[in-house]
Amino acid sequence: MNLDQLKVFHVAAQKKNFSETGKILHLSQPAVSLQIQQLEASLNTRLFDRTTKTIKLTDSGKLLFDYAEQIIQLVDQAKKELALLEGSIHGDLRIGASLTIGEYLLPYLLGRFKREYPKVHLLMKIENSHEIVEQLKNGEIDLGFIEAPIVHPDLLQYPLIEDELVLICSAKEPLPLIGQRETIGAHELFSLPFIMRERGSGTRQVMEDSLRSHHLDPERLRIELELANTESIKAAVESGIGVSILSQSAIRKEIQLNILRKVNIQGIKLRRSFNVLHDKNRVLSLPGEAFLQYILGYFASTGNPEAAS
């Protein structure tokens with residue numbers, strides 16, 4: 001039994017699928033099967049019951065899984081303490097981030113962090129909040145950044161900053177109903193053509209929940225177009241075909257360049273928090289811990305997302 005085989009077994013036991021295990025570990029499915037077979041041979045026991053579609057832990061597999069988690073955590077802790085002893089922070093930093101945070105907030109901060117810690121190799125994935133939580137639980141990422149608080153018994157959560165969602169229109173081609181007004185009434189929203197993110201996106205979910213909290217039914221909105229990309233939404237709004245509600249972090253440059261314009265909604269503020277998470281049951285890697293402390297300190301000192309660009 002070696003550590004590589006144990007890690008393959010550990011992921012396979014969580015995913016219950018050799019093909020998915022291979023994707024996570026960047027191995028072919030035959031390579032995953034071979035590692036498991038070699039591990040079973042070295043231990044002289046069967047770890048999985050296999051069918052054509054699924055794999056299931058045997059009693060021996062369940063016993064080994066508990067030890068595998070402890071062993072992998074101990075190895076990670078040892079690497080972390082050795083790196084501290086050497087006085088050098090290096091290794092992989094794996095981050096999962098939801099769209100707005102990943103595209104408009106983190107890149108600048110990761111660049112600053114990289115200059116301070118040049119031996120850290122950065123990898124960031126853009127995912128929805130549900131997928132980020134799953135990847136944290138599976139140990140695929142060190143830190144997760146999401147756009148709303150989440151309740152989960154195995155995750156530690158730290159609020160970073162408060163973000164505001166704002167109604168935007170074209171600065172050059174405003175809709176007749178809006179014209180040059182800076183504020184519209186809440187019920188006028190239902191007369192506007194909207195360009196929105198797809199259902200299930202964090203931004204749309206926060207917007208819909210906020211409207212409901214103000215006794216406004218988001219199902220009554222005239223949604224003319226749904227797009228999965230924030231940049232596409234901004235381009236469509238710029239052309240004058242509709243309005244949208246997006247994060248203030250995502251439209252900062254367009255506002256400065258007078259391409260888009262913010263419009264206040266009377267009596268309504270659409271706010272949410274940006275949060276960073278990690279699995280409390282896993283040893284946070286040294287690069288992960290360094291970046292967590294870095295970003296918490298950064299926002300504690302600046303207090304707002306505007307300073308990140």
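Being a predicted model, the structure only gives us computed values, none of them experimental.

Each value, and the rule that gives it
Residues numbered from 1 in each chain as written. Predicted model: local features only at pLDDT ≥ 70, side-chain atom pairs only at ≥ 80, totals over all residues. Heavy atoms only, no water. Helix = DSSP H or I, 4+ residues; strand = E, 2+ residues; numbered from the N terminus. Buried < 20%, exposed > 50% of the residue type's maximum accessible area, 1.4 Å probe, protein only. Contact = heavy atoms within 4.5 Å. Lys, Arg positive; Asp, Glu negative; His and termini not counted. Charge placed at Lys NZ, Arg CZ, Asp CG, Glu CD. Salt bridge = Lys/Arg side-chain N within 4 Å of Asp/Glu carboxyl O. Polar contact = N/O pair within 3.5 Å; in protein donor to acceptor, adjacent residues only side chain to side chain. Axes fitted to C-alpha atoms, helices over the stretch in contact; angles between N-to-C directions. Parallel < 35°, antiparallel > 145°, perpendicular 65-115°, else oblique. Left-handed = near helix turned anticlockwise from the far one by under 90°. Nonpolar A, V, L, I, M, F, W, Y, C, P; charged D, E, K, R; others polar. Phe/Tyr/Trp six-rings, centres within 6.5 Å; stacked < 30°, edge-to-face > 60°. Core = buried A, V, L, I, M, F, W, Y, C linked by side-chain atoms within 4.5 Å. Patch = residues over 30% accessible without salt bridge, like charges linked within 9 Å, V, L, I, M, F, W, Y side chains within 5 Å. Areas by Shrake-Rupley, 256 points an atom, 1.4 Å probe, with all protein chains shown as cover.

**Student:** Can you tell me about the overall build of the protein, naming the residues and giving the values?
**Tutor:** Within the protein one finds eleven helices and twelve strands. Overall size of the protein, expressed as C-alpha extent along the three principal axes, is 75 × 50 × 30 Å. For the protein, the residues scored as buried account for 46% of the 309 residues in total. Contacts in the protein between residues far apart in sequence, at least 24 positions, make up 74% of those at least 6 positions apart. Of the charged side chains in the protein, 36 are positive and 39 negative; the average position of the first set lies 1 Å away from that of the second.

**Student:** Tell me about the pattern of salt bridges, and please be specific about residues and values.
**Tutor:** Evaluation of the coordinates by the stated rule reveals 20 salt bridges. The salt bridge partner of E226 is R204, with a shortest N-O separation of 3.0 Å. Pair noted here: E226 is in strand 9 (residues 222-227) and R204 is in helix 8 (residues 202-213), with a separation of 22 residues, a long-range link. Using a relative accessible area of 43% as the deciding quantity, one classes E226 as partly exposed. The structure contains a network of salt bridges with shared partners spanning R204, E208, D209, R212 and E226.

**Student:** Can you break down the side chain of S170 residue by residue, with the values?
**Tutor:** Positionally, S170 belongs in strand 6 (residues 155-170). A relative accessible area of 2% places S170 in the buried class. In terms of polar contacts, S170 uses its side chain to reach the backbone amide nitrogen of K172, at 3.3 Å. Other than its neighbours up to four places away in sequence, S170 contacts V237, E238, G240, I259 and L260.

**Student:** Give a detailed account of the packing of helix 1 (residues 3-15) against helix 2 (residues 18-25), specifying residues and quantitative values.
**Tutor:** Between two packed helices, both the angle of their axes relative to each other and the distance between the axes serve to describe the pair. At their nearest, the axes of helix 1 and helix 2 sit 9 Å apart, and the two run at 125 degrees to each other. As judged from the angle between their axes, helix 1 and helix 2 are oblique. Relative to helix 2, helix 1 is oriented so that their crossing is right-handed. Mapping the contact onto sequence places K7, V8, V11, A12 and K15 in helix 1 and F18, E20, T21, I24 and L25 in helix 2. Along the lines of polarity and charge, the residues of the contact of helix 1 with helix 2 split into six nonpolar, one polar and three charged.

**Student:** How would you sum up the packing of aromatic side chains? Please name residues and give values.
**Tutor:** Taken as a whole, this structure holds eight aromatic pairs when the rule is applied. Seen from their ring centres, F145 and F291 are 6.1 Å apart, and the 65 degrees between their planes marks the pair as edge-to-face. Of this pair, F145 sits in strand 5 (residues 143-146) while F291 sits in helix 11 (residues 286-302), and the two are 146 residues apart along the sequence. On the basis of relative accessible area, F145 is assigned to the buried category, the value being 0%. The exposure class of F291 is buried, given its relative accessible area of 0%. Ring pairs connect the aromatic residues F113, Y117, F145, F291 and Y294, which therefore count as one cluster.

**Student:** Kindly report on the environment of V8, identifying the contributing residues and their values.
**Tutor:** Along the chain, V8 turns up in helix 1. Placed 13 residues apart in sequence, V8 and T21 show a C-alpha to C-alpha distance of 7.4 Å. Non-local contacts of V8, meaning those with residues more than four positions away in its chain, are made with T21, L25, L27, V32, Q35 and I36.

**Student:** Give me the packing of helix 6 (residues 106-116) against helix 11: which residues, what numbers.
**Tutor:** Across the interface, helix 6 lies against helix 11 with an axial gap of 11 Å and an inter-helix angle of 120 degrees. Taken together, helix 6 and helix 11 sit at an angle that is classed as oblique. In this structure, the crossing between helix 6 and helix 11 has a hand that is right-handed. Of helix 11, the residues touching helix 6 (which contributes L106, Y108, L109, L110, R112, F113 and E116) are P287, A290, F291, Y294, I295, Y298 and F299. Residues of the contact of helix 6 with helix 11, tallied by class, amount to twelve nonpolar, no polar and two charged.

**Student:** Residues and numbers for the nonpolar core, please.
**Tutor:** If you look at the biggest cluster of nonpolar residues, it comprises 24 residues, and the most contacted ones within it are L106, F145, F291, I295 and F299. Those elements that place two or more of their residues in this core are strand 3 (91-97), helix 6, strand 5, strand 6, strand 12 (270-279) and helix 11. In terms of residue count, helix 11 provides more of this core than any other element does, seven residues in total. Core analysis: the second largest hydrophobic core is formed by 23 residues, L165, A186, L221 and I265 among them.

**Student:** For a nonpolar patch on the surface, give the residues involved together with the corresponding values.
**Tutor:** A cluster of nonpolar side chains, namely L63, Y67 and I71, defines an oily patch on the protein surface of about 300 Å² accessible area. Position of L63 among the secondary structure elements: in helix 4 (residues 59-86). Taking the relative accessible area as the measure of exposure, L63 reaches 53% and is therefore exposed.

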